[in-house]
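Letter by letter, the chains look like this.
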Amino acid sequence: MKALCWHGKGDMRYETVPDPKIQDPRDAIIKVTACAICGSDLHIYDGVIPEMEKGDVIGHETMGEVVEVGSGNTKLKVGDRVVVPFTISCGECFFCQRGFYSGCERSNPDKAKAEKLWGHSPAGLFGYSHLLGGYPGGQADYLRVPFADVGPIKVPAGLPDEQVLFLSDIFPTGYMAADFCNIKDGDTIAIWGCGPVGQFAIRSAFLLGAGRVIAIDTVPERLAMAKAAGAETLDFMKEDIYERIQDLTQGRGADACIDAVGTEPHTTASFDSVLDRVKVATFMGTDRPHVLRQAIHCCRNFGTVSIVGVYGGFLDKIPFGSAINRGLTFRMAQTPVQHYLPKLLKLVEEGKIDPSFVITDQASLEDGPALYKKFRDNKDGCIKVVMKP
Ligand SMILES: NC(=O)c1ccc[n+]([C@@H]2O[C@H](COP(=O)([O-])OP(=O)(O)OC[C@H]3O[C@@H](n4cnc5c(N)ncnc54)[C@H](O)[C@@H]3O)[C@@H](O)[C@H]2O)c1
Ligand SMILES: [Zn+2]
Ligand SMILES: [Zn+2]
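Residues numbered from 1 in each chain as written. Chains lettered and ligands numbered in written order. Predicted model: local features only at pLDDT ≥ 70, side-chain atom pairs only at ≥ 80, totals over all residues. Heavy atoms only, no water.

Chemist: Got a minute to help me understand the site of ligand 1 in this structure?
Modeler: Around ligand 1 lies a shell of 31 residues, among which Ser40, His43, Asp217, Val261 and Val308 are the nearest. The separation between a nitrogen atom of ligand 1 and a polar main-chain atom of Gly193 is 3.4 Å. Ala333 is positioned with one of its backbone polar atoms (N or O) 2.9 Å from a nitrogen atom of ligand 1. Protein burial of ligand 1: of its 860 Å² of free accessible surface, 94% is covered by the chains. Elements with a contribution of two residues or more to the shell around ligand 1: α1 (39-45), α6 (196-207), β12 (212-217) and α10 (290-298). For the shell around ligand 1, the leading source of residues is α1, giving four residues. (Near = heavy atom within 4 Å. Polar contact = N/O pair within 3.5 Å; in protein donor to acceptor, adjacent residues only side chain to side chain. Areas by Shrake-Rupley, 256 points an atom, 1.4 Å probe, with all protein chains shown as cover. Helix = DSSP H or I, 4+ residues; strand = E, 2+ residues; numbered from the N terminus.)

Chemist: Any chance you could explain the packing of helix α5 (residues 170-179) against helix α12 (residues 337-349) here in plain terms?
Modeler: When two helices pack together, their arrangement is given by the angle between their axes and by how far apart the axes lie. α12 packs onto α5 with a crossing angle of 100° between their chain directions and a minimal axis gap of 10 Å. In terms of orientation, α5 and α12 fall into the roughly perpendicular class. Here α5 contributes Phe171, Pro172, Tyr175, Met176 and Asp179 to the contact with α12, which in turn contributes Val337, Tyr340, Lys343, Leu344, Leu347 and Val348. For the contact of α5 with α12, the per-class residue count stands at nine nonpolar, no polar and two charged. (Axes fitted to C-alpha atoms, helices over the stretch in contact; angles between N-to-C directions. Parallel < 35°, antiparallel > 145°, perpendicular 65-115°, else oblique. Contact = heavy atoms within 4.5 Å. Nonpolar A, V, L, I, M, F, W, Y, C, P; charged D, E, K, R; others polar.)

Chemist: Which parts of the structure should I look at to understand empty space enclosed by the protein?
Modeler: Scanning all chains against the criterion turns up one cavity of 30 Å³ or more. Taken as a whole, the largest cavity encloses approximately 50 Å³ of empty space. Every residue along the wall of the largest cavity is listed here: Val84, Pro85, Thr87, Ile88, Ser89, Phe126, Val145, Pro146, Phe147, Gly151, Pro152 and Gln338. Its residues assigned to classes, the lining of the largest cavity shows eight nonpolar, four polar and no charged. (1 Å grid on protein atoms, 1.4 Å probe; cavity = no way out; pocket = protein on both sides within 12 Å on 5 of 7 lines; lining within 4 Å. Points joined across faces, edges and corners; volume = space filled by probe spheres on them.)

Chemist: Can you walk me through the layout of surface pockets in this structure?
Modeler: Where empty space is left can be seen by rolling a probe of water-molecule size over the atoms. Its boundaries defined by the atoms lining it, the second largest pocket holds a volume of some 220 Å³. Surrounding the second largest pocket, 14 residues form its lining, Met1, Pro18, Asp19, Pro20 and Pro136 being those nearest its centre. By residue number, the principal contributor to the lining of the second largest pocket is strand β9 (residues 142-145), which donates three residues. Residues that form the lining of the second largest pocket fall into these classes: nine nonpolar, two polar and three charged.

Chemist: Looking at this model, I keep getting lost on the packing of aromatic side chains. Mind explaining?
Modeler: Two aromatic rings, taken as a pair, are described by how far apart their centres are and by the angle between their planes. Summed over the entire model, instances satisfying the criterion amount to eight aromatic pairs. Judged by centre distance (5.2 Å) and plane angle (35°), the ring pair of Phe171 and Phe200 falls under tilted. Of this pair, Phe171 sits in helix α5 while Phe200 sits in helix α6, and the two are 29 residues apart along the sequence. Relative accessible area serves as the criterion here: at 0%, Phe171 is assigned to the buried category. (Phe/Tyr/Trp six-rings, centres within 6.5 Å; stacked < 30°, edge-to-face > 60°. Buried < 20%, exposed > 50% of the residue type's maximum accessible area, 1.4 Å probe, protein only.)

Chemist: Got a minute to help me understand the coordination of the zinc ion (ligand 3) in this structure?
Modeler: By definition of the ideal shapes, a tetrahedral metal site with four donors has angles of 109.5 degrees and an octahedral site with six donors has angles of 90 or 180 degrees. Every protein donor of the zinc ion (ligand 3) is accounted for by Cys90 (SG), Cys93 (SG), Cys96 (SG) and Cys104 (SG), and the metal-donor separations fall at 2.3 to 2.4 Å. Its four donor atoms give the zinc ion (ligand 3) angles of 105 to 116° at the centre, a pattern that matches the tetrahedral case. Taken in sequence order, the residues that donate to the zinc ion (ligand 3) follow the motif C-x2-C-x2-C-x7-C. The same class applies to Cys93 as to Cys96, namely buried. (Donors = N, O, S within 2.8 Å, 3.2 Å for Na, K, Ca; no water. Tetrahedral: all angles 85-135°; square planar, octahedral: opposite > 155°, others 65-115°.)

Chemist: Looking at this structure, I do not really get the coordination of the zinc ion (ligand 2). What am I missing?
Modeler: Coordination of the zinc ion (ligand 2) by the protein involves Cys38 (SG), His60 (NE2) and Asp169 (OD), with metal-donor separations of 1.8 to 2.3 Å. Read from N- to C-terminus, the donor residues coordinating the zinc ion (ligand 2) fall into the pattern C-x21-H-x108-D. In this pair, Cys38 sits in the loop between β3 (28-36) and α1 while Asp169 sits in the loop between α4 (161-164) and α5, placing the two residues 131 residues apart along the sequence. The exposure class assigned to Cys38 is buried, which follows from its relative accessible area of 3%. The buried category is assigned to Asp169, whose relative accessible area is 4%.

Chemist: Sorry, what's going on with the sheet that holds strand β15 (residues 299-307) here?
Modeler: Pairing is parallel in the open sheet, where six strands are placed in the order β13-β12-β11-β14-β15-β16. Each edge of the open sheet carries a strand with a single partner, namely β13 (232-235) and β16 (329-332). Pairwise comparison of adjacent strand axes, ignoring direction, gives a mean angle of 20° for this sheet. Contacts from α10 reach β11 (188-192), β14 (254-259), β15 and β16 within the one sheet, and its direction differs from that of β15 by about 150°. (Pairing = 2+ DSSP bridges.)

Chemist: In this structure, what is going on with the packing of α6 against helix α7 (residues 220-228)? I would like to understand it.
Modeler: The geometry of α6 relative to α7 is characterised by a closest axis approach of 10 Å and an angle of 15° between their N-to-C directions. It follows that α6 is roughly parallel to α7 by the angle criterion. Pair α6 / α7 crosses with right-handed handedness. Residues Pro196, Gln199, Ile202 and Arg203 of α6 form the contact with α7, whose participating residues are Arg222, Met225 and Ala226. Residue composition of the contact of α6 with α7, by class: four nonpolar, one polar and two charged. (Left-handed = near helix turned anticlockwise from the far one by under 90°.)

Chemist: Help me understand the environment of Ile49 in this model?
Modeler: Locating Ile49 in the fold gives a position in the loop between α1 and β4 (56-57). Spatially, the C-alpha atoms of Ile49 and Asp240 are 31 Å apart, while their sequence positions differ by 191 residues.

Chemist: Looking at this structure, how should I read α5?
Modeler: With nine of 10 residues buried, α5 lies mostly within the body of the structure. The set of residues buried in α5 consists of Ile170, Phe171, Pro172, Thr173, Gly174, Tyr175, Met176, Ala177 and Ala178. On its buried face, α5 sits against β5 (61-69), α6, β14, β15 and α12.

Chemist: Honestly, helix α13 (residues 368-376) in this entry has me stumped. Any pointers?
Modeler: For an α-helix, 3.6 residues make a turn, and residues three or four places apart therefore share a direction. Every buried residue belonging to α13 is among Gly368, Leu371, Tyr372 and Phe375, and all of these are buried. Around the axis of α13, the buried residues are gathered within 110° of arc, so they sit on the same side. Asn378, located one to two residues past α13, shows a positive phi value of around 50°. (Arc of directions from axis to C-beta.)

None of the figures reported here should be taken as evidence of function without further support.
Right under this line is the structure:
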């Protein structure tokens, strides 16, 4: 089959790789009908995710048709149309039983490596390094889905791929970011990053009752898309974000702040971003947490900082004094997608949200390598890429 394979920083290739096979009775094989590139894939593309190997198939936003089912899987049958969550979860362990699917303690065969870095291992993920299971990803003609009786959700025939594909990751992630904010009617939510995740966070915040959303980015098309959803927008390259949020909140700060940017913010946005860049480049730091620092400062006393932008290691100069002295709450996670799926699919079915709004580019899988570059560089208004094998 054909797939998009990682060969090093900035080097994605459309290549022939072995077809996936059933390896466990609970597996299923999916013929991919649509897949997407996530901002998290950009961290791999940019070479900041450790334990990648040349030739790894990446991609974790995937849907398609079931073409083979393991003998122990009674939930799926050949011909089912499913969306596949990016988190791989057994459904039975301590964490899965409690709804913390992305904390599954049985789906990461590389557990020992992850424990060394993080103390404990999270769940395995599709196409996301040999720290998280080394599972081949879904930017491919076919995908092997482990524990396929837990993750994939069947989608109604009436809904096109474009409306349900993002249930695999960015819609639940944006929704979780807003859910973490414990929004009370009329709250003001500030959201850093108007990429695909930020866009879903903006719309979810309004769905959950936010009165105002302040959305921060610098890319004009992304700010325009945020504005179309009703957000007030700020450009971090032109405005002092702290001052502007103070102005907009009578000097109190936002009720909750969402970091939907993570470890790769714009390099020159501020002095601390430049310093982070130098430290990472000289192996003196692992991450560039400029947005997290700013989000903490901009949050009101006893407010919530919700983090969905991904970080990898040990974060420098986080203003923890500000957080403890002012009673901030921190919420963060790789999304336990399965926990949110049924509810969000219902919102799509009821027409409360049409997730296809975020798509700007549709192409074939073969165009993947060029699309990675276009998405990374925010070129020609590119916000979200969908590929069809
Ligand atoms: N927690 C999860 O489960 C989960 C799931 C999916 C994605 N993510 C993470 O969410 C983040 C966003 O993903 P995406 O697909 O939207 O990616 P993206 O790269 O398209 O979007 C990031 C946006 O942040 C903006 N930005 C850069 N510097 C900024 C700054 N200083 N202030 C404000 N905005 C700034 C960029 O211009 C860009 O529009 C990534 O870190 C990704 O890894 C996490
Ligand atoms: Zn993702
Ligand atoms: Zn589990």
